[in-house]
There are 2 protein chains.
Amino acid sequence: MLGILPAERPAMPASPADSRSTREREPAPKTLAARRRAGRPAAAVLDQAGITAAALRLIGKNGYDGLTMAALARSLNVAPSALYNHVESKRDVLLLVEDHLTALVDVTAFAAEPWESAVRKWAWSYRDVFAEHTPLIPVIAVLPVTDAPQTLSMYETVSGGFRAAGFPEERIVSAIVALESFIFGSAYDVTAPADIFDSGSMAESTPSFTGAVRSLAAQGHEKPADVAFSLGLEALIAGFGALRE
Amino acid sequence: MLGILPAERPAMPASPADSRSTREREPAPKTLAARRRAGRPAAAVLDQAGITAAALRLIGKNGYDGLTMAALARSLNVAPSALYNHVESKRDVLLLVEDHLTALVDVTAFAAEPWESAVRKWAWSYRDVFAEHTPLIPVIAVLPVTDAPQTLSMYETVSGGFRAAGFPEERIVSAIVALESFIFGSAYDVTAPADIFDSGSMAESTPSFTGAVRSLAAQGHEKPADVAFSLGLEALIAGFGALRE
DNA sequence: ACCTGAACACCGTTCAAGT
DNA sequence: ACCTGAACACCGTTCAAGT
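What counts, and at which threshold
- Residues numbered from 1 in each chain as written.
- Chains lettered and ligands numbered in written order.
- Predicted model: local features only at pLDDT ≥ 70, side-chain atom pairs only at ≥ 80, totals over all residues.
- Heavy atoms only, no water.
- Helix = DSSP H or I, 4+ residues; strand = E, 2+ residues; numbered from the N terminus.
- Buried < 20%, exposed > 50% of the residue type's maximum accessible area, 1.4 Å probe, protein only.
- Contact = heavy atoms within 4.5 Å.
- Areas by Shrake-Rupley, 256 points an atom, 1.4 Å probe, with all protein chains shown as cover.
- UniProt positions renumbered as here; feature names shortened; annotations may be inferred.
- Expected span 1.5 Å × (residues − 1).
- Near = heavy atom within 4 Å.
- Polar contact = N/O pair within 3.5 Å; in protein donor to acceptor, adjacent residues only side chain to side chain.
- Nonpolar A, V, L, I, M, F, W, Y, C, P; charged D, E, K, R; others polar.
- Least-squares fit on C-alpha atoms with pLDDT ≥ 70 in both.
- Salt bridge = Lys/Arg side-chain N within 4 Å of Asp/Glu carboxyl O.
- Axes fitted to C-alpha atoms, helices over the stretch in contact; angles between N-to-C directions.
- Parallel < 35°, antiparallel > 145°, perpendicular 65-115°, else oblique.
- Left-handed = near helix turned anticlockwise from the far one by under 90°.
- Buried area = accessible area lost by both parts, 1.4 Å probe.

**Student:** Where do I start with the overall build of chain A in this structure?
**Tutor:** Looking only at helices and strands, chain A has ten helices and zero strands in total. The order of helices and strands in chain A, counted from the N terminus, is α-α-α-α-α-α-α-α-α-α. Every one of the 245 residues in chain A was classed for burial, and the buried ones make up 50%. The contacts in chain A between residues at least 6 apart in sequence include a share of 71% that link residues at least 24 apart. With an accessible surface of roughly 12000 Å², chain A has 54% of that area assigned to carbon and sulfur atoms.

**Student:** Would you explain the UniProt feature "DNA-binding region" (unreviewed entry) in chain A in this entry?
**Tutor:** Feature annotation in UniProt places "DNA-binding region" (unreviewed entry) on residues 68-87 of chain A, given in this structure's numbering. Structurally, residues 68-87 of chain A comprises 35% helix and 0% strand, and the distance from its first C-alpha atom to its last is 14 Å.

**Student:** Please clarify how helix 7 (residues 149-164) of chain A should be interpreted in this entry.
**Tutor:** An α-helix turns once per 3.6 residues; consequently, residues spaced three or four apart project the same way. For helix 7 of chain A, spanning 16 residues, the distance from its first C-alpha to its last is 23 Å, which sits close to the expected 22 Å at 1.5 Å a residue. Buried residues of helix 7 of chain A: T151, L152, M154, Y155, E156, V158, S159, G161 and F162 of chain A, and no others. In this structure, the buried residues of helix 7 of chain A make contact with helix 4 (90-102), helix 5 (115-131) and helix 8 (169-190) of chain A together with helix 9 (207-219) of chain B. Of the residues flanking the end of helix 7 of chain A, it is G166 of chain A, one or two places downstream, whose phi is positive at about 95°.

**Student:** So what exactly am I meant to see when it comes to helix 8 of chain A here?
**Tutor:** The terminal C-alpha atoms of helix 8 of chain A lie 32 Å apart, and with 22 residues this matches the ideal 32 Å at 1.5 Å per residue to within 8%. Within helix 8 of chain A, 18 of the 22 residues are buried, leaving the element largely enclosed by the surrounding structure.

**Student:** Help me understand the protein's contact with DNA strand D in this model?
**Tutor:** By nearness alone, 24 residues border DNA strand D, and G39 and R40 of chain A together with V45, A79 and S81 of chain B come closest of all. Here a phosphate oxygen of DNA strand D sits 3.1 Å away from a polar atom, N or O, in the main chain of L46 of chain B. Here a phosphate oxygen of DNA strand D sits 2.7 Å away from a polar atom, N or O, in the main chain of A79 of chain B. Of the residues belonging to the surface near DNA strand D, the class tally is twelve nonpolar, eight polar and four charged.

**Student:** Sorry, what's going on with the relation of the copies chain B and chain A here?
**Tutor:** Superposing chain B onto chain A requires a rotation of 180° together with a translation of 0.0 Å along the rotation axis, leaving an RMSD of 0.0 Å. As the rotation angle and translation indicate, the two copies are arranged about a two-fold axis. Relative to the rotation axis, the closest C-alpha in chain B is found at F182 of chain B, a distance of 2.0 Å. Same-surface contact between copies: 100% of interface residues of chain B are shared with the interface of chain A.

**Student:** I would appreciate a short explanation of the protein's contact with DNA strand C in the present structure.
**Tutor:** If you check the shell around DNA strand C, you find 24 residues, and the closest are V45, A79 and S81 of chain A together with G39 and R40 of chain B. For DNA strand C, the backbone makes up 54% of the atoms found within 4 Å of the protein, where backbone means sugar plus phosphate. At 2.4 Å, a side-chain N or O of S81 of chain A approaches a base oxygen of DNA strand C. At a separation of 2.4 Å, a base nitrogen of DNA strand C approaches a polar backbone atom of R40 of chain B. Grouping the amino acids of the surface near DNA strand C by side-chain chemistry returns twelve nonpolar, eight polar and four charged.

**Student:** In this structure, what is going on with the pattern of salt bridges? I would like to understand it.
**Tutor:** Charged atoms that come close allow side chains of opposite charge to pair. Within this structure, the stated rule accounts for twelve salt bridges over all chains. Of the charged contacts in the structure, one is a salt bridge between D226 of chain B and R127 of chain B, with a shortest N-O distance of 2.8 Å. Of this pair, D226 of chain B sits in helix 10 (residues 224-241) while R127 of chain B sits in helix 5 (residues 115-131), placing them 99 residues apart in sequence. Accessibility assignment for this pair places D226 of chain B and R127 of chain B in one class, buried. What you see here is one network of salt bridges that share partners, running through R127, D128 and D226 of chain A.

**Student:** Would you mind going over unusual backbone geometry with me for this structure?
**Tutor:** A negative phi angle characterises most non-glycine residues, just as the trans form characterises most peptide bonds. All names here are of chain A. If you check the backbone angles, N77 has positive phi at about 65° while not being a glycine. Of note, N77 is situated in the loop between helix 3 (69-75) and helix 4. On the accessibility criterion, N77 (17% relative accessible area) is buried.

**Student:** Explain the packing of helix 8 of chain A against helix 8 (residues 169-190) of chain B here, please?
**Tutor:** The relative placement of two packed helices comes down to the angle between their axes together with the axis-to-axis distance. As a packed pair, helix 8 of chain A and helix 8 of chain B sit with axes 7 Å apart at the nearest point and diverge in direction by 115°. Taken together, helix 8 of chain A and helix 8 of chain B sit at an angle that is classed as roughly perpendicular. For the crossing formed where helix 8 of chain A meets helix 8 of chain B, the hand is right-handed. Residue-level inspection shows V177, A178, S181, F182, G185, S186, Y188 and D189 of chain A of helix 8 of chain A in contact with helix 8 of chain B, the latter providing V177, A178, S181, F182, G185, S186, Y188 and D189 of chain B. Here the contact of helix 8 of chain A with helix 8 of chain B is built from residues that sort into eight nonpolar, six polar and two charged.

**Student:** Quick question: what am I supposed to make of the interface of chain B and chain A here?
**Tutor:** Interface size, as often reported, equals the accessible area lost upon joining of the parts. Contact with chain B, which involves 59 residues of that partner, is made by 59 residues of chain A. Overall, the association of chain B and chain A removes approximately 5000 Å² of surface from exposure, summing both partners, and the carbon and sulfur fraction of that is 72%. On the surface where chain B and chain A come into contact, there are zero salt bridges. Between the two partners, chain B and chain A, sit 17 residue pairs in polar contact (both at pLDDT 80 or more).

Here is the structure:
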């Protein structure tokens, strides 16, 4: 995964300051930032690819709670305000991260396999990528594709696959949107706690639901989120497959 | 809708202070809160039902950005810290709102109609309620049902409907979860801007997707979010219906 | 153009003091 | 038990000053 990070590079060019990197955990490493004096540096310290990579590192380490503009700046050895020379807002940072992650979704099967199995692979891959990044879902869901080139590229490949499989053109977008809606909702489901359906002290007043939950648990092994995703996905594939001409 | 608010009542018992209510728009109505001196009041000013109703009013007026603990306290004429005698956190407030809204979802058809049309009505109602409240979706998706009695009650009715329709017990929860995932994702889709699929200057490099978008737009009239929701929902209903015994 | 440093207008939450 | 008022440790963002 690290190998796919954009513009793999250290936050700063190697310098004597690196010998102090063991102190990075200190609460206020002001001294590190102070190393660089005010005014425009000879070469730009930041760019969007570096900001994206740093954000992904931060998210990987501390989750989305740890992704603050201050923490992002600190990890890049700049003042928080420096970030605003490269992004307009924190939402822009999330958008950069989103577009980078979308490029990780596997669409290769659309070039090589029948429609059913291509959609299946794409959907599972898409869900798996964003299950780790659910805080991005509200961003993606309202994101004009113009602002996210990799995302647009994914849509082009997927819609091409639908078209080649004989889908009526006017149904392609609706089918993709429906699949995506299911995928986004299912990504949340992956993050739900194991006891989410424990009805606790209310069990006696909810016999039907409690029984259904117990019956599912008795089935055992497979993760409930995966069982539900598979069930829904196969129904959608079967239903949409019937639209093909 | 107002008639279904919990414990319909003013934020404070009628009092001479009400004559100053025209000043409530003032930036810092400290004087109103100062009207009540420190120490425990004779009768409690706050309760969870009142907090829920005030939160819903605030959301209705200014959206979820306007729902801050400070604004909530101001609308209830108390200091922000007073809220913490009745809720543990802001998340608790969102949970109260969520459970109240879930009670608005229409499950009545499960008692009176065939399974297909009951699921259809429930799903549309569920989506419509939360399309106006998408910031709650991350909360619901991870919410143990124990903490939300109305939500648990909805599950009981729905799972009872599935059972009565001949669903194998061990599939009921998975089918409901899959439907919910689709519903939550589709609720986001309702809020997407109309030009979300405008590929802009990239149109020439994405012919397949751009053509599909144009073809959908040419169909006209119906809202794209509704078309996609209908398409996915009918596929899920048809696919799940086949599981019945 | 692109950095620093100081400042702004917020957040949610805690806690002592009061009745 | 349930309020006020002050305080805390944050947020994202703006902007003048510097090179």
